[in-house]
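Spelled out from the first residue to the last, the chains are:
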Amino acid sequence: MNTAGSLMIFSDLWAVCTLKKSKTIAFFCDVNIYSGHDIMSVNIANALSRRYDVSFLFCHPAYQQNLDKAVTRKYLVLHNNKTGLVNLLLKSWGDIFTIRKLLQAIKADVVIVCQGEYHLCLKGLISALMLRKHKVISYIPIGYPYSIIHSKSSAIATMIKFIVYRLIVRRFHAFITISVEQERMLRNFIKADRPVYLLENLTEFPAIKISRKKQKSIRYGIIGRIQKSKGQYKTIELAERVRQHRRDFMFVIFGEGDDEDWLKNSIAEKNLEDHFEFKGWVDSRKKIFSDIDVLLLLSEIEGVPLVFLESLFFKTPVLANRLTSNPIYERYIDGELIFNSVNDLANKMIDIERYLSIFKRKSKLYKKLIIERHGRKNFENNLFELFEKI
């Protein structure tokens, strides 16, 4: 190798080494589940750890298993957010000062709070803002009003958190979100001159084979936290409408959440138990996609759902809710696979064989698009370019 080539390699290595020393990044997430948003947060932290000093404070054990060794990890045990208003107003302050102390010890230049929705991870945001010596970044804040995001079983607590977020939002240094539509909604919400950066999801898939057994019923999978914004409550009306025409359908619900008991009680009151299975959280893609025939996306709040991208990769048919403020699905699938209302979806379920055929004809093209658009190369190029700006 000539001298010029050696100098170039040395220069690249020196740049990486000095860059790693020049910036320290701390991530925080106190959500006690591990779903699409959390997986994306881990992907970002792992990629950044190859260039920067990265730490991650978290409250779910799955983070420990999925973060790379280069990431300094800290498992937190905080007060449960579900214990009521008194806990929210009083006990949470103890958590805030605990988090503040840990962030102070890290001496981070940038603190990234992985929210997902406005009312999540407020303890981390408040703790980071109290230090005033670093940039505070909010990752994937969803730009929807309180009337959509609140849970049926914790409306008061969610409202208080929403108000707190509105009071502190203009003190953040920047925001990172995952689609052009979400970027626009976020700018309308914060109404402040703050940078909003776009970072599309990374989608990587294991080399697994999905094999579906022929069953008596069409199995419709619904995946995510059980709360109003995710739309599981729509399955009750759907079941009542569809079973007037056909009985061979089953809603397979993966996940847990604040509205789970309410949903189960409502199903029992309508005598619909024969059309529902609750699986809880399942961390195996193979188990999930081998157990369903169709993925239903009922959510009223979405950026770019990771489970949607996974479904297209594994060639699992999709029926998706048309999000008027965030028309993300139209970029990936035919309009006939997108429904406008519960009644529209019920009609598609009654005539499901037609829509399975539509999906099958283009499933290879859908998969190719996912691989090209959400591969690691594009993701990391955009990520490192973004953090050079921050």
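Since this is a predicted model, take the numbers as computed values, not measurements. (Residues numbered from 1 in each chain as written. Predicted model: local features only at pLDDT ≥ 70, side-chain atom pairs only at ≥ 80, totals over all residues. Heavy atoms only, no water.)

Engineer: Please give an account of the environment of R73 that cites residues and values.
Structural biologist: When you line up the elements, R73 lands in strand β3 (residues 72-75). Residue classification places R73 among the partly exposed positions, given a relative accessible area of 30%. Residues R73 and F58, 15 residues apart in the sequence, show an inter-C-alpha distance of 7.9 Å. There is a polar contact of 3.1 Å between the side chain of R73 and the backbone oxygen of Q64. (Helix = DSSP H or I, 4+ residues; strand = E, 2+ residues; numbered from the N terminus. Buried < 20%, exposed > 50% of the residue type's maximum accessible area, 1.4 Å probe, protein only. Polar contact = N/O pair within 3.5 Å; in protein donor to acceptor, adjacent residues only side chain to side chain.)

Engineer: Give a detailed account of the sheet that holds strand β10 (residues 276-280), specifying residues and quantitative values.
Structural biologist: Spatially, the six strands line up as an open sheet ordered β10-β9-β8-β11-β12-β13, and their pairing is parallel. Each having just a single partner strand, β10 and β13 (338-339) make up the two edges of the open sheet. In this structure, strand β8 (residues 218-223) lies alongside strand β9 (residues 249-254), joined through six bridges in parallel fashion. Counterpart to Y220 in the pairing with β9 is F251. The sheet strands contacting helix α10 (residues 260-269) are β9 and β10, and the helix crosses β10 at an angle near 160 degrees. Contacts from helix α12 (residues 306-313) reach β8, β11 (294-297) and β12 (318-321), with the element oriented near 155 degrees to β11. (Pairing = 2+ DSSP bridges. Contact = heavy atoms within 4.5 Å. Axes fitted to C-alpha atoms, helices over the stretch in contact; angles between N-to-C directions.)

Engineer: If you had to explain the nonpolar core to someone new, which residues and values would you point to?
Structural biologist: With 126 residues, the main nonpolar core has F27, L48, F56, F251, I333 and F387 as its most contacted residues. With residues near it in sequence (within four places) discarded, F27 still touches S41, I44, A45, L48, V54, S55, F56, L57, I112 and C114. (Core = buried A, V, L, I, M, F, W, Y, C linked by side-chain atoms within 4.5 Å.)

Engineer: Go over the packing of helix α13 (residues 342-350) against helix α14 (residues 352-373), please, and point to the residues and values.
Structural biologist: For the pair α13 and α14, the least separation of the axes is 5 Å and the interaxial angle reads 85 degrees. Between α13 and α14, the crossing angle belongs to the class labelled roughly perpendicular. Where α13 approaches α14, its residues K348, M349 and I350 are matched on the opposing element by I352, E353 and Y355. Residue classes in the contact of α13 with α14 are distributed as four nonpolar, no polar and two charged. (Parallel < 35°, antiparallel > 145°, perpendicular 65-115°, else oblique. Nonpolar A, V, L, I, M, F, W, Y, C, P; charged D, E, K, R; others polar.)

Engineer: So what's going on with the pairing of strand β5 (residues 135-139)? Which residues, and what values?
Structural biologist: Here β5 lies mainly inside the structure; four of its five residues are buried. In the sheet, strand β4 (residues 110-114) pairs with β5 via five bridges, with the strands oriented parallel. Within the sheet, the bridge partner assigned to I112 lies in β5 and is I137.

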